[in-house]
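A look at the structure
Chain residues, written in single-letter form:
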Amino acid sequence: MAPKRDYYEVLGVPKGASDDDIKKAFRKLARRYHPDVNPGDKGAETKFKEIAEAHEVLSDKKKREMYDRFGHVGEQGAGGFPGGGAGGQPFEFRFGGDPGSAEGFGNFEDLFSGLFGGGGGGRRRGRGRSPFGTAIAEDGEDILAEMEIEFMEALRGVVKVLTLETSSGRETVKVKVPAGVGDGQKIRLAGKGHPGTAGGEPGDLYIKLAVNPHPILARDGANLTMEVPVTVGEALNGGAIDVPTPWGSVKLKVPAGVKSGQSLRLRGMGSPVPGQEAKGDMLVKLKIVLPEDASAEAKAAAQVIDKSYRGSVRAGLQF
């Protein structure tokens, strides 16, 4: 029997490769030579067996130490390497069917479903079997959930309790929403996803936030916008008006002669920036409001004002 190729050479990694490098190399080659990708290709099937065998040995600390010490399995025979067959026979692959047959790869769909887009996430689910009949560690899948919060909760931050329906029943998790998050942003809870198998790490829980709109506030990045009514007198003469903000009421100086639709800026009164101490600004859009039921005195005063600028107010409207 021809000696087996060096396992490091099979995976294309140096002898001092890290566990992560070995795992990455195995996944890359598995995508290429998996029997599901190469139906009927005996060469690819043989290659895949070789790759799986190399990964099984090099990903196990004890087996790798023995391999580095004694070398190739084919050279050691029955007495030189743990896991070799009796009388120096090579490893025998058993995946739920006869070794060496197409049926022998029946469990590969579960084992490598994550490599080919199965399972719906970037992580793999399900318990596979190595060539030695032992379970291969698989990381759990991530979970994506959506949570609805109010506008002010998003601005100020809040702790919410989220109930999830999982395969093991209903579970509740506490979610700390940082101040300043926006609609559509995601919060990651590490290790709160699907559990791993055979010692694999659990997936993460990603919570996509749906922020309800506010009746008077709007948001543009870290800035807040709000429309504030002013009287005709305040617009003509100017003055200081009280403006409510999420952080308390502040005085806003309105310059004399301000126009309807003009915006004034309140610095530092906008949304917090997550992870920073800074806040955006609040842009106050002024709207000149007329009295709904004007008194005779107010109408007389308006006539005086009207006469003072009636001739120029529409001077530019001509063709």
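1. A word on the overall build of the protein
Looking only at helices and strands, the protein has nine helices and 13 strands in total. Sorting the 319 residues of the protein into buried and exposed places 34% on the buried side. Long-range contacts, defined as pairs at least 24 residues apart, comprise 53% of the intrachain contacts of the protein with a sequence gap of at least 6. Looking at the protein as shown, the accessible area adds up to about 19,000 Å², and 50% of this sits on carbon and sulfur atoms.

2. What about the nonpolar core?
Residues V175, V177 and V243 are the most contacted members of the largest nonpolar core, which totals 37 residues. Once residues within four sequence positions are removed from consideration, V243 is found in contact with M226, V228, G248, S249, V250, L252, L266 and V284. One finds Y7, A25, L29 and A54 within the second-largest nonpolar core, a separate group that totals 19 residues.

3. Quick look at the sheet that holds strand β3 (residues 143-149)
Backbone-to-backbone hydrogen bonds pair the strands of a sheet. The strands run either parallel or antiparallel. Pairing within the open sheet is mixed, and its three strands lie in the order β3-β7-β6. At either end of the open sheet lies a strand with only one pairing partner, and these are β3 and β6 (186-189). Ignoring strand direction, the axes of neighbouring strands in this sheet form an average angle of 25°. As paired elements, β6 and strand β7 (residues 205-211) share four bridges and run antiparallel to each other. Counted as the bridge partner of L189 is L205 from β7.

4. As for the sheet that holds strand β9 (residues 223-230)
Taken in spatial order, the four strands make up an open sheet running β8-β9-β13-β12, and their pairing is mixed. Looking at which strands have only one partner, the edges of the open sheet turn out to be β8 (217-220) and β12 (263-266). For this sheet, the mean angle separating the axes of adjacent strands, direction not counted, is 30°. Where β9 and strand β13 (residues 282-288) come together, seven bridges link them in parallel fashion. Bridge pairing in β13 links M226 to V284.

5. Considerations on the packing of aromatic side chains
Counted according to the given criterion, the structure contains two aromatic pairs. Taking NZ or CZ as reference, K47 lies 5.7 Å from the ring centre of Y33, over its face.

6. With respect to the pattern of salt bridges
Scanning the model with the defined rule gives 15 salt bridges in all. One salt bridge connects D60 with K63, and the closest N-O pair in it is separated by 3.8 Å. For K63, a relative accessible area of 22% gives the class partly exposed. Here the residues in one salt-bridge network are R5, E9, K47 and E50, joined through shared partners.

7. Considerations on the environment of R64
By secondary structure assignment, the location of R64 is in helix α4 (residues 61-70). Taking the relative accessible area as the measure of exposure, R64 reaches 12% and is therefore buried. As for R64 and A54, which are separated by 10 residues in sequence, their C-alpha atoms are 9.6 Å apart. Ignoring sequence-local partners within four residues, the contact set of R64 consists of Y8, K15, G16, A17, D19, I22, V57 and L58. A polar contact is formed between the side chain of R64 and the backbone oxygen of A17, at a distance of 2.9 Å.

8. Regarding the layout of surface pockets
Estimated volume of the largest pocket: approximately 550 Å³. V232, L236, L290, A302 and I305 are, among the 18 residues lining the largest pocket, the residues nearest its centre. Looking at the lining of the largest pocket, the elements that each hand over two or more residues are α8 (232-237) and α9 (296-313). Looking at which element gives the most residues to the lining of the largest pocket, the answer is α9, with seven residues. A per-class count over the lining of the largest pocket returns 13 nonpolar, two polar and three charged.

Conventions and cut-offs
Residues numbered from 1 in each chain as written. Predicted model: local features only at pLDDT ≥ 70, side-chain atom pairs only at ≥ 80, totals over all residues. Heavy atoms only, no water. Helix = DSSP H or I, 4+ residues; strand = E, 2+ residues; numbered from the N terminus. Buried < 20%, exposed > 50% of the residue type's maximum accessible area, 1.4 Å probe, protein only. Contact = heavy atoms within 4.5 Å. Areas by Shrake-Rupley, 256 points an atom, 1.4 Å probe, with all protein chains shown as cover. Core = buried A, V, L, I, M, F, W, Y, C linked by side-chain atoms within 4.5 Å. Pairing = 2+ DSSP bridges. Axes fitted to C-alpha atoms, helices over the stretch in contact; angles between N-to-C directions. Phe/Tyr/Trp six-rings, centres within 6.5 Å; stacked < 30°, edge-to-face > 60°. Lys NZ or Arg CZ within 6 Å of the ring centre and 35° of its normal. Salt bridge = Lys/Arg side-chain N within 4 Å of Asp/Glu carboxyl O. Polar contact = N/O pair within 3.5 Å; in protein donor to acceptor, adjacent residues only side chain to side chain. 1 Å grid on protein atoms, 1.4 Å probe; cavity = no way out; pocket = protein on both sides within 12 Å on 5 of 7 lines; lining within 4 Å. Points joined across faces, edges and corners; volume = space filled by probe spheres on them. Nonpolar A, V, L, I, M, F, W, Y, C, P; charged D, E, K, R; others polar.

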